[in-house]
Amino acid sequence: MPLLGRRRSQYVTPVPKARRKRATVSGQDELRFGADQETDQEYNPSPIINEIRGHLESWRRLSNPADWGVTAATQRLLQHWRHHEFAGARPFFCQIEAVETAIWLAEVANPRGQHAHIFRHLKESNEEANPELTRVALKLATGAGKTTVMAMLIAWQAVNAARQPNSSRFSRGFLIVAPGITIRDRLRVLLPSDPDNYYQTRELVPPEMMTELRKAKIVITNYHAFQQRERLETNKVGRSLLSGWREAPLITRETEGEMLARACGDLLSLKNVIVINDEAHHCYRERPETDADAGLRGEEKQEAKENNEAARLWISGLEALKRKVGVRDVYDLSATPFFLRGSGYEEGTLFPWVVSDFSLVDAIECGIVKLPRVPVSDNAVNADMPVYRNLWDHIGKKMPKKGAAKSGDLDPQKIPPQLETALYALYGHYEKEFETWKRAGIGVPPVFIVVCNNTASSKLVYEWISGWDREVEGENQNIHQGHLALLRNYDENGNRLERMNTLLIDSSQLESGEALDENFRDAAAAEIEQFRKEKLQREGAASGDISDSELLRSICCDSACRAAAGAFPASARQSMAIRPRASSRKVLPWRLGRLFPSEPSHRSRRMTLKKASYSSRKCAPHRARARPSGVSLLDRPA
């Protein structure tokens, strides 16, 4: 039956571990639903979200801007976002709603006593999880345009701060924190000085307000910048010599102030800045001494440890900034603002400071993102359930463990048959799609992406797809040219192609910007050397030295850009990325349409080899092998 009006925000919260309280008359144990039996954790922000939605609906219906209870600058921006005749796409309702929520809380509801319980809820939830910060989370589905929301938030705060410099409600200083370098670079459109800034190219700010907006100080960084770095690299002997005969402790790491000066720059001259967290589910203070993660073992325990280390670094940096100059508010933006495994909270629990919610179901129904499809059947024999619905369950124990590549070269011919069939099936559809695009005259090929759980698995699958060399009698010889013709890195004679069709990418290193891991350097040695030669040929002596982080990103971005620009010959413009990642890290397929907006939209073929029910796997028939029917693909607009 169709729903009338807006779907309410509601979630099925994680089921806590059972804890015996007392026997009932029927002899069954009584469970307290809605609370964590082990930690007494009980968060349910949905009533607050739905209540705020109701207040916003009533507030929007006020026809006279003088009754809105906001500043003149905010009135002008709201009227612009709601009614301006945009030359291009106008802001989505969900984007305006997210910003309206922040405005309503800051300007309309804050001084009014009847809304005190909302602020009490936010204060209490922050005191437990973020005792030094005030965070407000805006939940928008992937593809709903969080970057546009950030631009609108900055415009609202910066213009008001310029017009009311003594007001404590507004700030012209903004720190935007991203989980990695790739996202950080994409956020440059938030700088008013950038030629492609959203304020002008998307008409988010009236022209008469641009002068005031340009007074804002905006710093975009990734959370890795909060790591206090070594100022002096030396070994144990060097450290001993520098310490002198008194062996006084040698301080070689940055101080907190030096780290902030490097990471935050000009913001340290301001007071009470605004922080905007992109992909904010990576930022939290873990809850100590709980049993929520007591059952974790092996890779799950290691993953939880890595989650906590990253989250601790991120939030510690924000706390340090508050101690230094003050932080007025923290706006969290994420499609999945849930506590991660290892946080001390039940995994999947919604952040209690979420105040706005535009879910994936809402986004699909509104046409902002496309409908995902999942496999419904396959013809594999001797299986109780469809194999390709959860491929990892059938191949996980057969794939190499983390670090397995250290013991020597793995044999790509020994990958599990189910994985081989799945890759052939995916590739069968890719071939058809490639030919369709070619006949349509689309100059950019479709992108085929496989995401693996560790570097050993990714190297194995990478070589199976693109071909591989091995040392034979002291010489490097080609053993196989690759199983997927359009994605091979070798010609029919076993010679490496001048332009690679397939790339091996370590996503965690790509995002952190740190030095290349030696294992990955060895795995990608041929690609790295080839890129160095190409760069030298293009730029000559001016190319100079290139750092590890720049090298890794350049290999990825340079290849992608040249493919999109049509620099590759037709037979060599298929780009495939195989990227190891932790299951908690978000998978970001190549989105070449963002680099070249004039080109047609691009779709990515993605298969995730990990225990993740949300992964999409597109399958098509291939030969007489056991194969799935019912394709699955999550296509998102570029």
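These figures come from a predicted structure and were not determined experimentally.

Caption draft 1: View of the environment of A129. Structurally, the position occupied by A129 is in helix α4 (residues 116-129). Put simply, A129 and W353 are 224 residues apart on the chain and 9.7 Å apart in space, counted from C-alpha to C-alpha. In this structure A129 touches R285, Y345 and W353, once residues within four positions along its chain are discounted.

Caption draft 2: View of the nonpolar core. Counting 80 residues, the largest nonpolar core has W81 and W156 as its most contacted members. Once residues lying within four places of it in the same chain are set aside, the contact partners of W81 are F86, R90, I96, V99, I103, M152, W156 and L204. Within the second largest apolar cluster, 26 residues are counted, among which are V219, C264, V275 and W314.

Caption draft 3: Summary view of the sheet that holds strand β5 (residues 327-334). Strand order across the open sheet formed by six strands is β3-β2-β4-β5-β1-β6, with parallel pairing between neighbours. Edge strands, defined here as strands with exactly one partner in the open sheet, are β3 (217-222) and β6 (354-358). Direction aside, neighbouring strands of the sheet carry axes that sit 15° apart on average. Relative to β5, strand β1 (residues 135-140) runs parallel, the two sharing five bridges. For V136, the partnering residue across the bridge sits in β5 and is Y331.

Caption draft 4: Expanded view of the pattern of salt bridges. Tallied over the entire structure, the rule returns 18 salt bridges. Put simply, E279 and K146 hold a salt bridge, and the shortest N to O gap is 3.6 Å. With E279 in the loop between β4 (273-278) and α11 (298-325) and K146 in helix α5 (residues 146-163), this pair connects stretches of sequence that are 133 residues apart. By relative accessible area, E279 is classed as buried at 4%. Salt-bridge contacts for R341 lead to E347; the nearest nitrogen and oxygen are separated by 3.3 Å. Here the residues in one salt-bridge network are R60, R82 and E100, joined through shared partners.

Caption draft 5: Representation of unusual backbone geometry in the model. Here N272, not a glycine, exhibits a phi torsion of approximately 55°, which is positive. Mapped onto the fold, N272 is located in the loop between α10 (256-264) and β4. For N272, a relative accessible area of 42% puts it in the partly exposed group.

Caption draft 6: The arrangement of helix α2 (residues 72-83) in detail. When the terminal C-alpha atoms of α2 are compared, their 16 Å separation across 12 residues agrees well with the 16 Å that a helix rising 1.5 Å per residue should span. All of the buried residues in α2 are A73, T74, L77, L78, H80, W81 and R82. Looking at the buried positions of α2, the neighbouring elements they touch are α1 (46-60), α3 (93-109) and α5.

Caption draft 7: Summary view of the packing of α3 against α5. Taken N-terminus to C-terminus, the directions of α3 and α5 make an angle of 35°; their axes are 9 Å apart at the nearest point. When you trace α3 past α5, the crossing you get is right-handed. Seen from α3, the contacting residues are Q95, I96, A98, V99, A102, I103, A106 and E107; seen from α5, they are T148, V149, M152, L153, W156 and N160. Broken down by class, the residue content of the contact of α3 with α5 amounts to 10 nonpolar, three polar and one charged.

Caption draft 8: A look at the environment of H224. Mapped onto the fold, H224 is located in the loop between β3 and α9 (236-243). Taking C-alpha positions, H224 is 8.1 Å from A310, a pair spaced 86 residues apart along the chain. Reaching out from H224, the side chain makes a polar contact with the side chain of N222 at a distance of 2.8 Å.

Caption draft 9: Expanded view of the confidence of the model for the protein chain. Counting all residues, the mean pLDDT for the protein chain is 75, and 65% of those residues have values of 70 or more. Taken together, the stretch residues 557-638 has pLDDT below 50 and engages in 257 contacts with residues farther than four places along the chain or on a different chain.

Caption draft 10: Quick peek at the packing of aromatic side chains. By the definition in use, this model includes 11 aromatic pairs. Ring pairing ties together the aromatic residues Y284, F339, Y345, F351 and W353, which thus form one cluster. Positioned above the aromatic ring of W68, the side-chain terminus of R82 is 5.0 Å from the ring centre. The positively charged end of R202 is found above the aromatic ring belonging to Y198, 3.9 Å away from the centroid.

Caption draft 11: Main features of α4. With 14 residues, α4 should reach 20 Å at 1.5 Å per residue; the first-to-last C-alpha distance of 20 Å fits that figure. Those residues of α4 that fall on the buried side of the exposure criterion are I118, H121, L122, S125, N126 and A129. Buried positions in α4, seen along its axis, are confined to an arc of 120° and lie on one side of it. At its buried positions, α4 is contacted by α1, α3, β1 and β6.

Basis of the calculations
Residues numbered from 1 in each chain as written. Predicted model: local features only at pLDDT ≥ 70, side-chain atom pairs only at ≥ 80, totals over all residues. Heavy atoms only, no water. Helix = DSSP H or I, 4+ residues; strand = E, 2+ residues; numbered from the N terminus. Contact = heavy atoms within 4.5 Å. Core = buried A, V, L, I, M, F, W, Y, C linked by side-chain atoms within 4.5 Å. Buried < 20%, exposed > 50% of the residue type's maximum accessible area, 1.4 Å probe, protein only. Pairing = 2+ DSSP bridges. Axes fitted to C-alpha atoms, helices over the stretch in contact; angles between N-to-C directions. Salt bridge = Lys/Arg side-chain N within 4 Å of Asp/Glu carboxyl O. Expected span 1.5 Å × (residues − 1). Left-handed = near helix turned anticlockwise from the far one by under 90°. Nonpolar A, V, L, I, M, F, W, Y, C, P; charged D, E, K, R; others polar. Polar contact = N/O pair within 3.5 Å; in protein donor to acceptor, adjacent residues only side chain to side chain. pLDDT = per-residue confidence, 0-100. Phe/Tyr/Trp six-rings, centres within 6.5 Å; stacked < 30°, edge-to-face > 60°. Lys NZ or Arg CZ within 6 Å of the ring centre and 35° of its normal. Arc of directions from axis to C-beta.

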